[in-house]
Amino acid sequence: MSAVRAPSAVATRPLWWGFAPYAVLSLVHVVALAVGSDDVAAPTKLTLMPALALAVLWGGRGGAWGAPYTLLLLAIAFSWLGDGAGAFFPFAGDPLPLMLLFFGLAHLCYICLFWKHLAVRPLPGWAAVYAVWWLALLLVLWPSLGGLSIAVAVYGLVLGGTAALAARCHTLVVWGGAFFLASDTVLAFRIFPPDAMPGWTSPLVMLTYTLGPGLIAAGAIVTLRRRAVVV
């Protein structure tokens, strides 16, 4: 039988305070994209994942720091490298392969996190929709992928795996995985083929993207806090 401990400072500390800077920067970035202010959109994009990492550090400070928080921060760090691939590696030419690499690594961290540390239920049957999504996406985009066909197929597999395994977790994580997948789906149709999506989908990509890892991080912290008061 499990014993319930008295709530600690970690379990009772307001979670959302730590997420306020991330929420504000996300809003500024999305609005800047919507109004075409590249001078604001470009630098704020690179502040998003560091702000989310600070939110995780705030939410988890004072508690036991182990594999779950490490995997979560690694996923955020790889996402940051993916966000800034063009700025961080200008010598690489086309940043898209590096973006796929770094975000692929981020999703592998999320998959491990969900599978080993955050699951609260069996995999629901409806998660099979993500397999259908992967097949449909490849079917539609394959003629436009060119030399990135295999890379996009592998990335789509880990992206769909993240969303599917998120379905085993806290509701916030479920929605985070879905928003992350929605963001990359819209982005894929903006890139392959070019000009397939209207201009307003650029802020839509970032709106859904900021919701994705933000909700995943919040759901992870909530889950780990709850487990911290149960022995």
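Data block above holds the structure.
The structure contained in this document is the topic of the report that follows. Residue numbers here run from 1 along each chain, matching the order of that chain's written sequence. Reporting in this predicted model follows two pLDDT cut-offs: at least 70 for local features of residues, and 80 or more for side-chain atom pairs to be given and counted; totals over whole chains, interfaces and linings ignore these cut-offs and use all residues. With hydrogens and water set aside, each side-chain value is computed from the structure's full complement of heavy atoms.

## Focus on the overall build of the protein chain
Phase 1 of the analysis: The way it works is that DSSP assigns letters per residue, a run of H or I at least four long becomes a helix, a run of E at least two long becomes a strand, and they are numbered from the N terminus. Summing up its helical and strand segments, the protein chain has ten helices and zero strands in all.
Phase 2 of the analysis: In sequence order, the secondary structure elements of the protein chain are arranged as α-α-α-α-α-α-α-α-α-α.
Phase 3 of the analysis: Using C-alpha atoms as the atom set, the radius of gyration is obtained and then compared with a globule rule of 2.2 Å times the number of residues to the power 0.38. Taking 231 residues into account, the globule formula puts the C-alpha radius of gyration at 17 Å, and the protein chain, at 18 Å, falls close to it.
Phase 4 of the analysis: Seen through its C-alpha atoms, the protein chain measures out along the principal axes to roughly 55 × 40 × 30 Å.

## Examining a nonpolar patch on the surface
Phase 1 of the analysis: Grouping into patches uses exposed residues only, defined as over 30% relative accessible area, and leaves out salt-bridged ones; the cut-off is 9 Å for like charges and 5 Å for nonpolar side chains (Val, Leu, Ile, Met, Phe, Trp, Tyr). In short, Shrake-Rupley with a 1.4 Å probe defines the accessible areas, and a residue's cover is counted only from the protein chains shown. We define a salt bridge as a contact between a side-chain nitrogen of Lys or Arg and a carboxyl oxygen of Asp or Glu at a distance within 4 Å. Taken together, the side chains of Val-24, Val-28 and Val-40 present a nonpolar region at the surface, about 210 Å² in accessible area.
Phase 2 of the analysis: Along the chain, the position of Val-28 falls in helix H2 (residues 16-35).

## Some thoughts on helix H9 (residues 171-191)
In an α-helix there are 3.6 residues to a turn, and that puts residues three or four apart on one side.
Phase 1 of the analysis: End to end, H9 covers 31 Å across 21 residues, agreeing with the expected 30 Å (1.5 Å per residue, within 8%).
Phase 2 of the analysis: Considered for burial, the residues of H9 that qualify are Val-173, Val-174, Gly-176, Gly-177, Phe-180, Leu-181, Ser-183, Asp-184, Thr-185, Val-186 and Ala-188.
Phase 3 of the analysis: Two residues qualify as a contact provided that any one of their heavy atoms is within 4.5 Å of a heavy atom in the partner residue. Lining the buried residues of H9 we find helix H4 (67-83), helix H6 (96-118), helix H7 (129-145), helix H8 (149-166) and helix H10 (201-228). Multiplying one less than the number of residues by 1.5 Å gives the expected span of a helix. A 1.4 Å probe rolled over the protein chains alone gives each residue an accessible area, and that area as a share of the maximum for its type sets the label: buried under 20%, exposed over 50%, partly exposed in between.

## Some words on the nonpolar core
What tends to happen in soluble globular proteins is that the nonpolar side chains get buried as a cluster.
Phase 1 of the analysis: If you look at the biggest cluster of nonpolar residues, it comprises 60 residues, and the most contacted ones within it are Phe-19, Leu-52, Leu-72, Ile-76, Tyr-110 and Phe-114.
Phase 2 of the analysis: Listed by contribution, the elements that provide at least two residues to this core are H2, helix H3 (38-60), H4, H6, H7, H8, H9 and H10.
Phase 3 of the analysis: The greatest single-element share of this core, amounting to ten residues, is contributed by H10.
Phase 4 of the analysis: Among all residues touching Leu-72, those that are not within four sequence positions of it are Val-56, Tyr-110, Leu-113, Ile-216, Ala-217 and Ala-220. Only buried residues count toward a nonpolar core, which is a set of Ala, Val, Leu, Ile, Met, Phe, Trp, Tyr and Cys residues joined through side-chain atoms within 4.5 Å.

## Re the packing of aromatic side chains
Phase 1 of the analysis: Ring geometry is summarised as follows: Phe, Tyr and Trp rings, the Trp one being its six-membered ring, pair when their centres sit within 6.5 Å, and such pairs are stacked at plane angles under 30 degrees, edge-to-face over 60 and tilted between the two. In total, this model carries eleven aromatic pairs according to the counting rule given.
Phase 2 of the analysis: Between the aromatic rings of Phe-89 and Phe-102, the centroid separation amounts to 5.6 Å while the plane-to-plane angle is 25°, which identifies the pairing as stacked. With Phe-89 in the loop between helix H5 (85-88) and H6 and Phe-102 in helix H6, this pair connects stretches of sequence that are 13 residues apart.
Phase 3 of the analysis: Take Phe-89: its relative accessible area is 22%, and that puts it in the partly exposed class.
Phase 4 of the analysis: With relative accessibility at 10%, the residue Phe-102 sits in the buried group.
Phase 5 of the analysis: Considering the side-chain rings of Tyr-110 and Phe-114, the 5.9 Å spacing of their centres and the 25° angle between planes classify their relative orientation as stacked. Residue Tyr-110 and its partner Phe-114 are both found in helix H6; the two are separated by four residues, about one turn of the helix.
Phase 6 of the analysis: Overall, Tyr-110 belongs to the buried group, its relative accessible area being 0%.
Phase 7 of the analysis: The rule is short: NZ of Lys or CZ of Arg within 6 Å of the ring centre and within 35 degrees of the ring normal puts a charge over the ring. A cation over a ring is seen here: Arg-168 above Trp-115, with NZ or CZ 5.2 Å from the ring centre.

## Structural notes on the side chain of Asp-83
Phase 1 of the analysis: Note that Asp-83 resides in helix H4.
Phase 2 of the analysis: Buried within the structure, Asp-83 lacks any salt-bridge partner; Lys-45 is the closest side chain of opposite charge, at an N-O distance of 4.9 Å.
Phase 3 of the analysis: Here the side chain of Asp-83 touches Tyr-209 through a polar contact of 3.0 Å, side chain to side chain.
Phase 4 of the analysis: Contact partners of Asp-83, with chain neighbours within four places excluded, come to Lys-45, Leu-46, Met-49, Phe-103 and Tyr-209. Charged residues are defined narrowly, with Lys and Arg counted positive, Asp and Glu counted negative, and His plus the chain ends left uncounted. Any pair of N or O atoms that falls within 3.5 Å is considered a polar contact. Within protein, one atom must be able to donate a hydrogen and the other to accept it, and sequence-neighbouring residues count only if both atoms are side-chain atoms.

## Structural notes on the environment of Leu-98
Phase 1 of the analysis: Mapping Leu-98 onto the fold places it in helix H6.
Phase 2 of the analysis: Judged by relative accessible area, Leu-98 falls into the partly exposed class, the value being 21%.
Phase 3 of the analysis: Expressed as a C-alpha distance, the spacing of Leu-98 and Ala-127, which sit 29 residues apart in the sequence, is 28 Å.
Phase 4 of the analysis: In contact with Leu-98, other than residues within four places in its own chain, are Ala-85, Phe-89 and Ala-92.

## Examining the side chain of Ser-149
Phase 1 of the analysis: Relative to the helices and strands, Ser-149 is located in helix H8.
Phase 2 of the analysis: By relative accessible area, which is 9% here, Ser-149 ends up buried.
Phase 3 of the analysis: Here Gly-146 takes part through its backbone oxygen, which lies 2.6 Å from a polar atom of the side chain of Ser-149.

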